Amino acid sequence: MAPKPRTLRLFDDLDAARTQKAVVALTGAGVSDILLLEDGRKTQILKALAAYAEQRGMQTVHYSQGWGVEYIMARGASDQKGEAPGRRLMNTDEQFAALIDHLRNSEAATLVILDWVDILLQDAGSVSDAQAVIIQRLAALPGDGLFRNHRHLMVMLVRNGQLNRRLSEFPGVVSVTLPIPDEEERHIAINQMVADPHNTLRLDPTFSPERAIRSSGGLYLDDLTRLRDLSATTPITEQLLVERKNAAIRRQGGDTLMVHDTAGYGPDRIAGMHGLKLALTDMESAGVRQPRILLAGPAGCGKSTAHRFVANHRGEPAVELDHVRERWVGASEERMDQAWQTVEALSPVCLFLDECEAELGRRSSTGGDESRTDSSLRSKMFNHLGDTGTQNNGSVIAATNRIDLMDEAAVDRFTVVPVIHPVGDECVEIMSIQAARSNRRLDFDSVKKAMAGAGTMSGRQLVRLLDRAAVHAGRRGSTVIEGADVANALAESMYRLSAGEVFQAMLAIRHTSFTPYLPWNAAAARGQERRWPDYMDGLVNPDGSLWLDQLDAKLDELVKAGAR
């Protein structure tokens, strides 16, 4: 069964509050949010509330600080405005008191919208006498027999800020949050705007309506309307829409989430990563809309870059958990919930869990406050991730250097793809891409010859090598990095691959979910040469399969030698 449009869910919540004879605090509506009614028509929040009242034979009174009791809308006349009790009074508290007294003696069921409550009753340390009168009156409403018996309903509309603490703590006050539009509602709204001949939402030719519908998760319909107005001069691109979502993520997630820029991380700007690229292609062909991939391998080989590539590829904001842990008991769990609630509300996003062994590590057998916090965070992470096949939070890209330290239950929730040291032309491609990003020029062919005899390096070390080669090019007075510059940098380099890096790379290879995602097999599947790092010599068969016994023996040998 298809979910109800959020206007109908809102109406259900209001019906429940009316049955309970409660006062409603309505949040999540924004300043001028647009909703869809059941028949697909777009309307604003005030008119949606008036439509609710009209369907139930109620009058509507709208009250705001700037205009006082602005109008009464009677049944069957949603746009009819007129005088209301207290309209001509000057003082805010007198206006409100007159309105409530009128409704206590009126048998005509009325929906009272108290607008901009976050401005009218600011959540500050002290309140004015007028505010105190209004708060006292609101607090008394749930227990006021005359008001309750006439089946009136008071809705406090919270636009931008927070409900005053004094009100939120009163019995009889219930909080209702207007949900963010779901995909079906966005489908209706975007298709209507694209097809509107007079006020058209113009999308860039590379940005299909279907992609816009999926990528716009987390945006309100008035956000989409503003984009439509902007498109009158500039067609809307996927990048612009993602930027709008990034702003919403920063606003809602605070410092619990970090938003990364994905510009410049398209497929032509990412070298290698054949296993990841193949995994994404396979998942998309299988209809997996929200992949969960665990990137395993040593530091400096591109796991963070891979996250941005996936986000760019899927048209999703690149978001990373940040500043979740706190000193105080329970604070870390609250911040974890805040981060995930933002991710879920703004789905689809591409969430990055870096060094995920910290939150998804093996269960501890020791006691103490720290282990209880770790256990609680791990439990929350499992709950938010869901089980295998769960698709509710967008893409999740996790990364670890030490997959052996992760809880097996966590690893089982992901497809494991190794990200290890580049080989062959991938090394020169990494240097070429980095040179372009830093506004340098690189002679690809001569650099390729210079790198032919170089040892295995991480992507990070290749970037450092490029920087050093640029020094030699500068000494020659040239803006072009040539093979001789790279050869000089190689001769000066004291970098050697450590046993720990080899150990971490082999661990990633050993835990790969499917053999096609081994780097050399994925490269062959994508029409590239099947090559592997030299430390895998003797451990890989000519057909790309692994000698698992020899690999396990090599891992044991490295552990005994102290590699970790």
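Now for a description of the structure that goes with this document.

Reading guide: rules and limits
Numbering of residues begins from 1 in every chain and follows the order in which that chain's sequence is written. Side-chain atom pairs in this predicted model are given and counted only at pLDDT of 80 or more, local residue features only at pLDDT of at least 70, and totals for whole chains, interfaces and linings cover all residues. Calculated side-chain values reflect all of the structure's heavy atoms, with hydrogen atoms and water omitted. Elements are defined by DSSP. Helices are runs of H or I of four residues or more, strands are runs of E of two residues or more, and each kind is numbered from the N terminus. Buried residues are those whose accessible area, probed at 1.4 Å on protein chains only, stays under 20% of the maximum for their type, while exposed residues exceed 50% and partly exposed ones sit between those limits. The protein chains shown are the only cover counted for residues, whose accessible areas, like all others here, come from Shrake-Rupley with a 1.4 Å probe. Each axis is a line fitted through C-alpha atoms, and for a helix only the stretch in contact is used; angles between axes span 0 to 180 degrees, taken between their N-to-C directions. Each angle gets one of four labels, with under 35 degrees taken as roughly parallel, over 145 as roughly antiparallel, 65 to 115 as roughly perpendicular, and the rest as oblique. When the near helix sits turned anticlockwise from the far one by under a right angle, the crossing is termed left-handed; a clockwise turn instead gives a right-handed crossing. Here, two residues are considered to be in contact whenever any of their heavy atoms come within 4.5 Å of each other. In this classification, the charged set is Asp, Glu, Lys and Arg, the nonpolar set is Ala, Val, Leu, Ile, Met, Phe, Trp, Tyr, Cys and Pro, and all remaining amino acids, among them Gly, are polar. Geometry of aromatic contacts follows a simple scheme: Phe, Tyr and Trp rings, the Trp one being its six-membered ring, pair when their centres are within 6.5 Å, and the pair is stacked under 30 degrees between planes, edge-to-face over 60, tilted otherwise. Counted as over-ring charges are cases with an Arg CZ or a Lys NZ within 6 Å of the ring centre that also lie within 35 degrees of the ring normal. Any Lys or Arg side-chain nitrogen located within 4 Å of an Asp or Glu carboxyl oxygen qualifies as a salt bridge. Take the buried Ala, Val, Leu, Ile, Met, Phe, Trp, Tyr and Cys residues and link them wherever side-chain atoms come within 4.5 Å; each set so joined is a nonpolar core. Here the arc refers to the set of directions running from the helix axis out to each C-beta atom. Within 3.5 Å is the distance limit for a polar contact, defined as a pair of N or O atoms, with the added protein rule that one can donate a hydrogen and the other accept it, and that residues adjacent in sequence qualify only through two side-chain atoms. Pairs of strands are assigned from DSSP output, requiring at least two bridges between the strands. An expected span of 1.5 Å times one less than the residue number is assigned to each helix.

Time to look at the overall build of the protein chain. When helices and strands are tallied, the protein chain shows 23 helices and 16 strands. In the protein chain, which comprises 564 residues, the share counted as buried stands at 51%. When the accessible surface of the protein chain is split by element, carbon and sulfur atoms take 48% of a total near 26,000 Å².

With that settled, consider the packing of helix α18 (residues 444–451) against helix α20 (residues 483–492). Between α18 and α20, whose axes approach to 7 Å, the crossing angle comes to 30°. Here α18 is positioned roughly parallel relative to α20, judged by the angle of their axes. For the crossing formed where α18 meets α20, the hand is right-handed. Touching Ser 446, Val 447, Ala 450 and Met 451 of α18 are Gly 483, Val 486, Ala 487 and Leu 490, all from α20.

Time to look at the packing of helix α12 (residues 274–285) against helix α13 (residues 303–314). For the pair α12 and α13, the least separation of the axes is 11 Å and the interaxial angle reads 35°. Read as a crossing pair, α12 and α13 show a hand that is right-handed. Taken together, the residues of α13 that come into contact with α12 (itself represented by Leu 276, Lys 277, Leu 280 and Glu 284) are Ala 306, Phe 309, Val 310, His 313 and Arg 314. Along the lines of polarity and charge, the residues of the contact of α12 with α13 split into 5 nonpolar, 1 polar and 3 charged.

Evaluation of the coordinates by the stated rule reveals 3 aromatic pairs. Residues Phe 11 and Tyr 52 carry aromatic rings whose centres are separated by 5.2 Å and whose planes lie at 55° to one another, so their mutual orientation is tilted. Note that Phe 11 is positioned in helix α1 (residues 6–20) and Tyr 52 in helix α2 (residues 45–55), a separation of 41 residues in sequence. The exposure classification of Phe 11 matches that of Tyr 52, with both residues buried. Between Phe 514 and Tyr 517, the ring centres sit 6.0 Å apart and the planes meet at 90°, which makes this aromatic pair edge-to-face. Looking at Lys 277, its charged tip hangs above the ring of Phe 309, at a distance of 5.9 Å from the centre.

Here we take up the pattern of salt bridges. Under the defined criterion, the tally for this structure stands at 14 salt bridges. Across the salt bridge formed by Glu 482 and Arg 476, the nearest N and O atoms sit 3.9 Å from each other. Take Arg 476: its relative accessible area is 42%, and that puts it in the partly exposed class. The partner of Arg 476 in a salt bridge is Asp 485, with the nearest N and O atoms 2.8 Å apart. What makes Asp 485 buried here is its relative accessible area of 1%.

For the rest of this paragraph, the subject is the nonpolar core. Within soluble globular proteins, side chains that are nonpolar tend to cluster in buried spots. With 47 residues, the main nonpolar core has Leu 294, Leu 321, Met 506 and Met 536 as its most contacted residues. Looking at this core, the element that brings in the most residues is helix α21 (residues 499–510), giving 7 residues. Setting aside chain neighbours within four positions, we find Met 536 in contact with Met 506, Ile 509, Trp 520, Leu 546 and Leu 551. In terms of nonpolar packing, the next biggest core, distinct from the first, is built from 24 residues, Tyr 265, Phe 309, Ala 318 and Val 417 among them.

A separate point is α20. Turn by turn, an α-helix covers 3.6 residues, leaving residues three or four places apart pointing in a common direction. Looking at α20, one finds that the buried residues are Gly 483, Asp 485, Val 486 and Ala 489. Along the long axis of α20, the arc covered by the buried residues comes to 160°, so they all point the same way. Each element contacted by the buried residues of α20 is listed here: α17 (425–437), α18, α19 (459–475) and β16 (480–481).

Right, let's get into the environment of Tyr 495. Mapped onto the elements, Tyr 495 comes out in the loop between α20 and α21. Expressed as a C-alpha distance, the spacing of Tyr 495 and Thr 456, which sit 39 residues apart in the sequence, is 9.9 Å. With residues up to four places along the chain from it excluded, the contact list for Tyr 495 reads Thr 456, Met 457, Ser 458, Gln 461 and Glu 501. Here the side chain of Tyr 495 touches Glu 501 through a polar contact of 2.9 Å, side chain to side chain.

We now examine the sheet that holds strand β12 (residues 350–353). What the 6 strands build is an open sheet, ordered β9-β11-β12-β13-β10-β14; its pairing is mixed. Only two strands of the sheet have a single neighbouring strand rather than two, namely β9 (257–260) and β14 (415–418). Averaged over all adjacent pairs, the angle separating strand axes in this sheet is 25°, with direction ignored. As judged from the 4 bridges shared by β9 and strand β11 (residues 318–321), these two strands associate in the antiparallel manner. In the strand pairing of β11, His 260 is matched with Ala 318.

Trans peptide bonds make up the majority, and among non-glycine residues the majority have a negative phi. With an omega of 10°, the peptide bond between Ser 347 and Pro 348 qualifies as cis. For Pro 348, the location among the structural elements is in the loop between α14 (331–345) and β12. Positive phi, normally seen in glycine, also occurs at Met 273, with a value near 55°. With respect to the helices and strands, Met 273 occurs in the loop between β9 and α12. The exposure class of Met 273 is buried, given its relative accessible area of 15%. Within the chain, Asn 439 stands out as a residue other than glycine whose phi angle is a positive 60°. Position of Asn 439 relative to the elements: it lies in the loop between α17 and β15 (441–442).

Let's shift gears to the pairing of strand β1 (residues 23–27). Most of β1 is tucked away: 4 of the 5 residues are buried. The pairing of β1 with strand β8 (residues 173–177) spans 5 bridges and is parallel. Looking at β8, one finds that Ala 25 is bridged to Ser 175. Examined bridge by bridge, β1 and strand β7 (residues 153–157) share 3 bridges and lie parallel to one another. Note that in β7 the partner of Ala 25 across the bridge is Met 156.

Attention now moves to α17. Under the 1.5 Å per step criterion, the end-to-end length of α17 is 18 Å for 13 residues, consistent within 8% with the ideal 18 Å. For α17, the full list of buried residues reads Glu 426, Cys 427, Val 428, Ile 430, Met 431, Ile 433 and Ala 435. Next to the buried residues of α17 lie α12, β15, α18, α19 and α20. Backbone geometry just downstream of α17 places Asn 439 in the positive-phi region, at approximately 60°.

Among the 5 residues of β7, 5 are classified as buried, and the element is accordingly described as predominantly covered. Side chains Leu 153, Val 155 and Leu 157 project from β7 onto one buried face, and the interleaved Met 154 and Met 156 project onto a second face that is buried too. Pairing between strand β6 (residues 110–114) and β7: 4 bridges, direction parallel. Bridged to Val 112 within β7 is Met 154.

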